[in-house]
Amino acid sequence: MKGNIFEIQHFSVNDGPGIRTTVFFKGCQLHCLWCHNPESIDDKPGEFAFVASKCVGCGSCFRICPEGCHSIADGKHIIDREKCTFCGKCVKMCSGSALSIYGDKGMTVEEVMSEVSKDRSYYDESGGGITLSGGEPMMQSGFVRELAEAACAVGISVAIETNACCKYSYLDDVKNYIDLFLVDWKASDPAKHKEYTGMSNEIIYENLCRLNDSGKKVLLRCPIIPGYNDNEDHFRKIAEITKRLDKSIGAELLPYHSMGVGKIEKFGLEDRVRYIVAKPPAKETVEEWVRKCRSYGGRMVNE
Ligand code: SF4
Ligand code: SF4
């Protein structure tokens, strides 16, 4: 079995405890307007990236591409990604390191384990491990199970970042190999959740409760997007959920950042992904959000 793996990122410190290696899965059933990894929404293997600011205009890519993917229109470098076969010829020739290919080949469990095992000593020293992220790892739950089982077998701790928007049986099947579930809660009103992400949140809430009641460690992660979900009802509901999830670590508010917007151009996603550009909130605003959640009885892990 091969996993549709987009990238493996070493030395992550924001994806669970300690130093971690994050394995990014490609494909997601949600389409969050503020996604910070929009290049991993589409489940087709492989994405071609172009960073215009690095291009030195050497022209090698135009000359070498057998498919004619590179052209100029109105003085702008255009890439026809539909025609790209990921042969890599232009990437090798690029003088400015402006071109790259991500995740076009798929990886076996053994290949992923070989890569993540390089950081073993860091996990042991810091209490870290691997984090399965994406995209949505549970879209490839069979691969998640095999990979998590292999990591467990050699004593590597596994966390998963998931939207939990799937049948509970899939989560139940992998949960014995997962030490920590990092589950997103994006909007509390089901209709708003559907508007912002493409799907309702009812199944997510049910799965959160079932994971909690089975004794699994859960951290609720709540991206807060100014103008979309920075409202009292949402903060009150987040607090309520932390009370219902009595075995969970609590909830963490994640203030909006605009990292995903730059990726729209880099990966040529303008016509494939819906996205918004919001204003990142000030530190004081985030502190006020956290204070509100706490005032409603929420167990918040934010400082
Ligand atoms: S990877 Fe190959 S097919 Fe794709 S743009 Fe480059 S040269 Fe063309
Ligand atoms: S090969 Fe690289 S540096 Fe040269 S024109 Fe193409 S993108 Fe720009």
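Above this text is the structure in question.
Residues numbered from 1 in each chain as written. Chains lettered and ligands numbered in written order. Predicted model: local features only at pLDDT ≥ 70, side-chain atom pairs only at ≥ 80, totals over all residues. Heavy atoms only, no water.

*Asks:* So what's going on with empty space enclosed by the protein? Residues and values would help.
*Replies:* One pass over the structure, following the stated rule, counts three cavities of 30 Å³ or more. As a volume, the largest cavity reaches approximately 100 Å³. Around the largest cavity sit 16 residues that line it, and C55, C58, C61, C94 and L99 are the ones nearest its centre. Those elements giving two or more residues to the lining of the largest cavity turn out to be α1 (60–64) and α2 (89–93). (1 Å grid on protein atoms, 1.4 Å probe; cavity = no way out; pocket = protein on both sides within 12 Å on 5 of 7 lines; lining within 4 Å. Points joined across faces, edges and corners; volume = space filled by probe spheres on them. Helix = DSSP H or I, 4+ residues; strand = E, 2+ residues; numbered from the N terminus.)

*Asks:* Can you explain the sheet that holds strand β3 (residues 20–25)? Please cite residues and give values.
*Replies:* Sheet strands pair via backbone hydrogen bonds, and the direction of the pair is either parallel or antiparallel. Taken in spatial order, the seven strands make up an open sheet running β2-β3-β9-β10-β11-β12-β13, and their pairing is mixed. Looking at which strands have only one partner, the edges of the open sheet turn out to be β2 (5–12) and β13 (250–255). Direction aside, neighbouring strands of the sheet carry axes that sit 20 degrees apart on average. Examined bridge by bridge, strand β10 (residues 158–162) and strand β11 (residues 180–184) share four bridges and lie parallel to one another. Bridging from a neighbouring strand, E161 pairs with L182 of β11. Helix-sheet contacts for helix α3 (residues 109–116) involve β2, β3 and β9 (129–133), and the interaxial angle to β2 is about 20 degrees. (Pairing = 2+ DSSP bridges. Axes fitted to C-alpha atoms, helices over the stretch in contact; angles between N-to-C directions. Contact = heavy atoms within 4.5 Å.)

*Asks:* Explain helix α11 (residues 283–295) to me, and be specific about the residues and the numbers.
*Replies:* Helix length check: α11, at 13 residues, gives a terminal C-alpha distance of 18 Å against a target of 18 Å (1.5 Å per residue), a fit within 8%. Listed as buried for α11 are V286, W289, V290 and C293. Buried residues along α11 cover an arc of 95 degrees about the axis, so they all sit on one side. Buried residues along α11 sit against β12 (218–224), α9 (232–244) and β13. (Expected span 1.5 Å × (residues − 1). Buried < 20%, exposed > 50% of the residue type's maximum accessible area, 1.4 Å probe, protein only. Arc of directions from axis to C-beta.)

*Asks:* Run through the nonpolar core, naming residues and quoting values.
*Replies:* In terms of nonpolar packing, the biggest core is built from 61 residues, with L132, I238 and L253 touching the most fellow members. Setting aside chain neighbours within four positions, we find L253 in contact with C222, I224, F235, I238, W289, V290, C293, M300 and N302. One finds C61, C69, F86 and C90 within the second-largest nonpolar core, a separate group that totals twelve residues. (Core = buried A, V, L, I, M, F, W, Y, C linked by side-chain atoms within 4.5 Å.)

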